[in-house]
Structure formats: C-alpha cells, structure tokens
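Secondary and tertiary structure notes
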Amino acid sequence: MTETGLQPETLDLDPAPVGPERDLMNKFDGLIGERQALLDSGVIDPFAIVMQQVTSPTEAVIDGRDTILLGTYNYMGMTFDPDVIAAGHAALDDFGSGTNGSRMLNGTFRDHMEVEQALRDFYGVTGAIVFSTGYMANLGMISTLVGKGEYVILDADSHASIYDGCKQGVAEIVRFRHNSVEDLDKRLGRLPTEAGKLVVLEGVYSMLGDVAPLKEMVAVAKKHGAMVLSDEAHSMGFYGPNGRGVYEAQGCEGDVDFVVGTFSKSVGTVGGFCVSNHPKFEAIRLACRAYIFTASLPPSVVATAAASIRKLMTADAKRAQLWKNAAHLHGGLKSLGFRLGTEQPDSAIVAVILDDQEQAVRMWQGLLVSGLYVNMARPPATPAGTFLLRCSLCAEHSDAQIARVIGMFEAVGKAVGAI
Amino acid sequence: MSDRQSIFDAVKAQIEPFNKKGVPITDATTFQGDLEWDSLTVMDFVASIEDEFDIIITMNMQAEIENVGQLVDAVAKLRDN
C-alpha cells in the first residue's frame, strides 16, 4: 500500500458546475450570433464547403455538382502529377504511413533528407529546413531568430502566421504601412542603431494578390543594418528565371537572408520550410520549438514534395500557361467592369472587390450553384475592411475553363447587381 | 501650457478624423470601448501618432494602452528618450 493510498478520501465527486458567468465559451457569443444571422438569411455556409470528390487539379464535386476550382492555391497543378503520386505510393509502401516522432529524434527518414536537398537545389542555397506546415515555418523562424531587446519590423498586411510568430516570441514588434518603402525607412530610422532587427516581407500578399517592391524594401532594410526574411508562399514556381519567387524576379537574392515557403501551394502537398545561405543556419534545428516539439511530416508527404519540387525546376510550360491564365481572367473580369485588387495581373491571384458582405455572399453563392468555387474573404483577414471573392489560378486551367469562368462571373455579377 | 497638455491636444487632433461618432475626448476615453475602433482603425491611428511625434509605439506597448491618458503618458515618455 502506498502512502497516497492511505490518505482519507477528499475528492469531491460531485463538483459544482461552472456558473454561466464563468463559462469561458461566452466570449464566442458574438461570433455564434453573427454566423447564425448569416445562415438565417438562407445562404449556403461559405465556411463549410465539402469536396466530395476531387477529379483533377481544377475540378471537384461539391454538393453533387461538377465544380471548377478557382480558389485552391494549386498554382502549378502538381496534385495529380503521375510522378508525384508514384513517389508518394512508393514511400507509403516502403516507410509506412507516419513517422511517430520529432525531426530531432526518430522522425527524420530518408525522404526528409531528400526533400531538403531538393529545396537546396531548387533555391541554389546551402541550407534548408523543413517544418510540418508553412504556418509553423513562420511561427518557428520569427520567434526563434529574434530575441529580447531585438526588433521584428513587419508589413501591416502580413499573414496571420507572421503575426503569430511575433506573438510567440519575446522581441519588440513594429509595424509599417503596407508596401510603403518610405514608411519602412522612417520606422527603421527611429529604432536603436545597435539593436538586432529582422524585416519580414512577403513576395505576394495573398488577399489582393499585390506584389511587394522587394528590391527597394530590401535595400532600405540593409541600409539600416537589418536582416530580411521574405515569405514566398504565393510566388514559388513561377516568378524569376528559376521560379524561386518575387525576390529572385526582382534581383535581390544576395540580400534576402531567409526565404520561407510552403508545400501546400505550388508544390501540392503540405509542409513548410525555410532556406538560407547563412553559415550558422543549421543551429535553428537545435533552438526552434516549432521544429522540435512536433511530429515530422509523413514519409509519403515529403516524398511527393521532393518529386514535385524537382519537376518545378523545369516547369517552363506550366509557368507560361499560369501567367497566360492570370492575364486571361484578369482581363476578362476587368472588361466586365469588376473592381479588382490589382490594376494588372501581377500574380496568380485575382481578387474581386465587392461592396459589402451581403453582396459578396450572394455573388459567391451564385457562382457556386453555377459550378464555380472561389474563396470568399472578409475582415479581419482582408485589408481595409473589404469583402473579396478571391480567384487563384492554376497552370492546369484550360483556356475553355477560363472562358466559362468569365461567363459565370458575368451572369451572376449582373444578377446580384455587382456590375 | 504644460507639455502634457500640448501632447494631449495633439493626440486629440489626431483622434478627430477617426472619431466618427463625435465622442468627447478625455484622459479616460477608451479606444475600443468608447471610440469603438476596430484593429484596422487602431493601426492607422497609431501610425499617424508615430509620425506626428517621430516615435515608435511597438505593438508590445500598444497592448498596454487602453485609453487616451495612457497614450499621452506613453508619448511623453517616448519623446523624452
């Protein structure tokens, strides 16, 4: 009998229930009410879409309907590539369904090493570290790189994963106005000269699909002695001579210290990474909690990623088709009179700006029942309180599909009074 | 006029373009509760205060500032540094 076993029974077997005034779930009443009001208006819930079947990179069955996918970030259409799928099958057969462990302990298999080598080859760098998601790559890199008394300087329209990386860390956080080189310069100039600084930028901002003036921003960062991290999640595969991203297209490869990316967009699976030429880069593996305290990616995922990345190195025809598709859709919607997020087709995202939530939901639903899926985006994810229908193109969209998409936008846009 | 009063007046002038409801501005006026600003408005306002006084109000500091008086005190402290 242990000593504990001899203690008198003091456990209250019938504890008082938590009073309604202390119910932690009460804070969500506003959200619950807002969602209920939306559903009560009779619309399909935009945030509860189920893909019953996915038949190609550009087509799925939703609610029994054949639907063109125009909101998936599957930019290079690699998800059904036969070589990619074969690599995944082989890894499943040879290494099983999962790793059951951290990269640091038992979770590094042959293909984790192979995908990091594929990244080094793709980006032409000495260092590559793979994380379990793109979100965790930003979370881990930012919170680990920048310590107490140092500064993260970020664009106001940064992705949630960048903001959350800041929150997880202990650095001082400074924001500048979206894509403003002058605003970045002013703020860097007000910070203590001797303190370590990381400027965090994105090649393409995913809400409006606008591109950052990276060349000018990186030059300003370097003038003030700051290091630079560029998130190239929405540019991998189709900007620059080697498809490395906006930073390559604008010729600032020598001055960007860290590039963060994801496998869940152009690569066509899931996972995140950071690449760098810094001689001490490997130390991140020893210090980064988002890398250490989580399970590594399944072998089939890293095998498909490696196969896909190697094919993206020479995917010139896909790149050309993707840019052609972006120009086709952008031009078509613009000539119909829609207000778009960018004047020119600067990226593979075409954001249609609508007046308010009601119009956005009606438009989104009209397109869905016509057989077209786009993303609906609303504040606080969107800049300046806008309501967006966000279209993201795929290299596998055919000219005929884009023409049909433009036709659906015309019909539904007129029906809801958006054009 | 005291230095604090001049900072208060300058902050109040910066609030006005964002004060859609015409809320009277005192030290106790809160940004979220009284002015009902969302996070985007707060961001624009903070940027204009930073430029007015040539200072940086980090997001860490912003998290501690709930009312106008706290902002005026923070600006006074940051300007002295």
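Residues numbered from 1 in each chain as written. Chains lettered and ligands numbered in written order. Predicted model: local features only at pLDDT ≥ 70, side-chain atom pairs only at ≥ 80, totals over all residues.

Under the annotation held in an unreviewed UniProt entry, chain B carries the name Acyl carrier protein and is attributed to Sphingomonas jinjuensis.

If you check an unreviewed UniProt entry, chain A appears there as 8-amino-7-oxononanoate synthase from Sphingomonas jinjuensis. Note on chain A: under the UniProt heading Cofactor (unreviewed entry), the record states "pyridoxal 5'-phosphate". The UniProt entry for chain A carries this comment under Sequence similarities (unreviewed entry): "Belongs to the class-II pyridoxal-phosphate-dependent aminotransferase family." (UniProt positions renumbered as here; feature names shortened; annotations may be inferred.)

1. Overview of the overall build of chain B
Scanning chain B from N- to C-terminus turns up four helices and zero strands. From first element to last, N terminus to C terminus, chain B shows the α and β order α-α-α-α. Relative to the 2.2 N^0.38 estimate, which gives 12 Å for 81 residues, the radius of gyration of chain B is 12 Å and therefore close to what a compact globule would have. In terms of its C-alpha atoms, chain B occupies a principal-axis envelope of roughly 35 × 30 × 20 Å. A fraction of 58% describes how many contacts in chain B between residues 6 or more apart in sequence connect residues 24 or more apart. (Helix = DSSP H or I, 4+ residues; strand = E, 2+ residues; numbered from the N terminus. Rg over C-alpha atoms; globule rule 2.2 N^0.38 Å. Contact = placed C-beta atoms within 7 Å.)

2. Quick look at the overall build of chain A
Secondary structure summary: chain A contains 14 helices and 16 strands in total. A globule of 419 residues ought to have a C-alpha radius of gyration of about 22 Å, and chain A, at 24 Å, matches this closely. Expressed along its principal axes, the backbone C-alpha trace of chain A runs to roughly 75 × 60 × 55 Å. Of all 419 residues assigned to chain A, the portion counted as buried reaches 49%. (Buried ≥ 20, exposed ≤ 12 C-beta atoms within 10 Å, placed from the backbone.)

3. Here we look at the packing of helix H4 (residues 134-145) of chain A against helix H5 (residues 160-168) of chain A
All names here are of chain A. At a minimum axis distance of 8 Å, the contact between H4 and H5 shows a crossing angle of 40°. Viewed along their axes, H4 and H5 form a crossing whose handedness is right-handed. Along its contact with H4, which presents Gly 134, Tyr 135, Asn 138, Leu 139, Met 141, Ile 142 and Ser 143, the element H5 presents Ser 161, Ile 162, Asp 164, Gly 165, Cys 166 and Gln 168. Residues of the contact of H4 with H5, tallied by class, amount to six nonpolar, six polar and one charged. (Axes fitted to C-alpha atoms, helices over the stretch in contact; angles between N-to-C directions. Left-handed = near helix turned anticlockwise from the far one by under 90°. Nonpolar A, V, L, I, M, F, W, Y, C, P; charged D, E, K, R; others polar.)

4. A word on the packing of helix H3 (residues 110-123) of chain A against helix H11 (residues 299-312) of chain A
All names here are of chain A. Remark: H3 packs on H11, axes separated minimally by 8 Å, with the N-to-C direction vectors making an angle of 20°. One element, H3, and the other, H11, form an angle in the roughly parallel class. Seen from above, H3 lies across H11 with left-handed handedness. Counted together, Asp 111, His 112, Glu 114, Val 115, Ala 118, Leu 119 and Phe 122 of H3 and Pro 299, Val 302, Ala 303, Ala 305, Ala 306, Ile 309, Arg 310 and Leu 312 of H11 form the full contact between these two elements. (Parallel < 35°, antiparallel > 145°, perpendicular 65-115°, else oblique.)

5. Thoughts on the interface of chain A and chain B
Interface size is often expressed as the accessible area that is lost when the parts come together. Counting residues at the interface gives twelve residues for chain A and ten residues for chain B. Those elements that place two or more of their residues in the side of chain A that touches chain B are strand E6 (172-176) and helix H6 (181-190) of chain A. Of the residues in the side of chain A that touches chain B, the class split is six nonpolar, one polar and five charged.

6. With respect to the domain arrangement of chain A
Residues and elements named next belong to chain A. Considered domain by domain, chain A is made up of domain 1 (41-76 + 316-415) and domain 2 (82-312). Look at where the C-alpha atoms of domain 1 and domain 2 centre, and you get two points 27 Å apart. Listed per partner, the contact involves 20 residues of domain 1 and 18 residues of domain 2. Across the side of domain 1 that touches domain 2, the residue classes tally to 13 nonpolar, five polar and two charged. (Domains from an automatic or database assignment.)

7. With respect to the pairing of E6(A)
Residue and element names in this part refer to chain A. Where burial is concerned, most of E6 is hidden: five out of the five residues are buried. Residues Glu 172, Val 174 and Phe 176 of E6 are buried on one face, and the alternating residues Ile 173 and Arg 175, pointing to the opposite face, are buried as well. Bridging between strand E5 (residues 151-155) and E6 involves five bridges; their strand directions are parallel. Residue pairing for E6: Tyr 151 is matched across the bridge by Glu 172. A crossover links E5 with its parallel partner E6, the connecting element being H5, and its sense is right-handed. (Pairing = 2+ DSSP bridges. Right-handed = clockwise from strand over helix to strand, strands pointing away.)

8. Observations regarding the UniProt feature "domain: Aminotransferase class I/classII large" (unreviewed entry) in chain A
Taking the UniProt record as the reference, the feature "domain: Aminotransferase class I/classII large" (unreviewed entry) is found at residues 66-406 of chain A. With 40% helix and 18% strand, residues 66-406 of chain A has end C-alpha atoms that lie 17 Å from one another.

9. Quick look at the environment of Val275(A)
All names here are of chain A. Here Val 275 is to be found in strand E12 (residues 272-276). Residue classification places Val 275 among the buried positions, given that 24 C-beta atoms sit within 10 Å. Beyond its immediate stretch of four places on either side in the chain, Val 275 contacts Leu 119, Tyr 123, Val 125, Gly 127, Ala 128 and Val 259.

10. Quick word on the environment of Gly225(A)
Looking at where Gly225(A) falls in the secondary structure, it is placed in the loop between helix H7 (214-223) and strand E10 (227-231). Along the primary structure Gly225(A) and Leu188(A) are separated by 37 residues, whereas in three dimensions their C-alpha atoms are 9.2 Å apart.

11. Quick notes on the pairing of strand E1 (residues 51-56) of chain A
Residues and elements named next belong to chain A. Two elements, E1 and strand E2 (residues 59-62), share four bridges in a ladder whose sense is antiparallel. Counterpart to Ser 56 in the pairing with E2 is Glu 59. Remark: two residues form the turn of the hairpin made by E1 and E2, two consecutive strands paired antiparallel.

12. Points about the sheet that holds strand E14 (residues 372-373) of chain A
Sheets are built from strands paired through backbone hydrogen bonds, the pairs being either parallel or antiparallel. Across the sheet, which stays open at both edges, the four strands sit in the order E1-E2-E3-E14 (chain A) with mixed pairing between neighbours. What marks the edges here is a single partner per strand, and that holds for E1 and E14 of chain A.

13. Observations regarding the sheet that holds strand E13 (residues 349-354) of chain A
All names here are of chain A. In space, the three strands of this open sheet follow the order E13-E16-E15, with antiparallel pairing throughout. Either end of the sheet is taken by a strand with one partner, and the two such strands are E13 and strand E15 (375-377). Pairs of neighbouring strands in the sheet enclose a mean axial angle of 25°, with direction left out of account. Direction of pairing for E13 relative to strand E16 (residues 387-392): antiparallel, over a ladder of six bridges. The partner of Ile 353 across the bridge, within E16, is Leu 388. The strands touched by helix H13 (residues 357-370) within the sheet are E13, E15 and E16, with E16 carrying the most contacts at an inclination of about 35°.

14. Here we look at helix H4 (residues 68-80) of chain B
All names here are of chain B. Relative to the 18 Å expected for 13 residues at 1.5 Å per residue, H4 spans 19 Å between its end C-alpha atoms, a close match to the ideal helical length. For H4, the complete set of buried residues consists of Val 68, Leu 71, Val 72 and Val 75. Viewed end-on, H4 has its buried residues packed into an arc of 100°, placing them on one side of the element. Those residues of H4 that are exposed and angled more than 90 degrees off the buried face are Lys 77 and Asp 80. Structurally, H4 contributes buried residues whose contacts are with helix H1 (3-15) and helix H2 (39-53). (Expected span 1.5 Å × (residues − 1). Arc of directions from axis to C-beta.)

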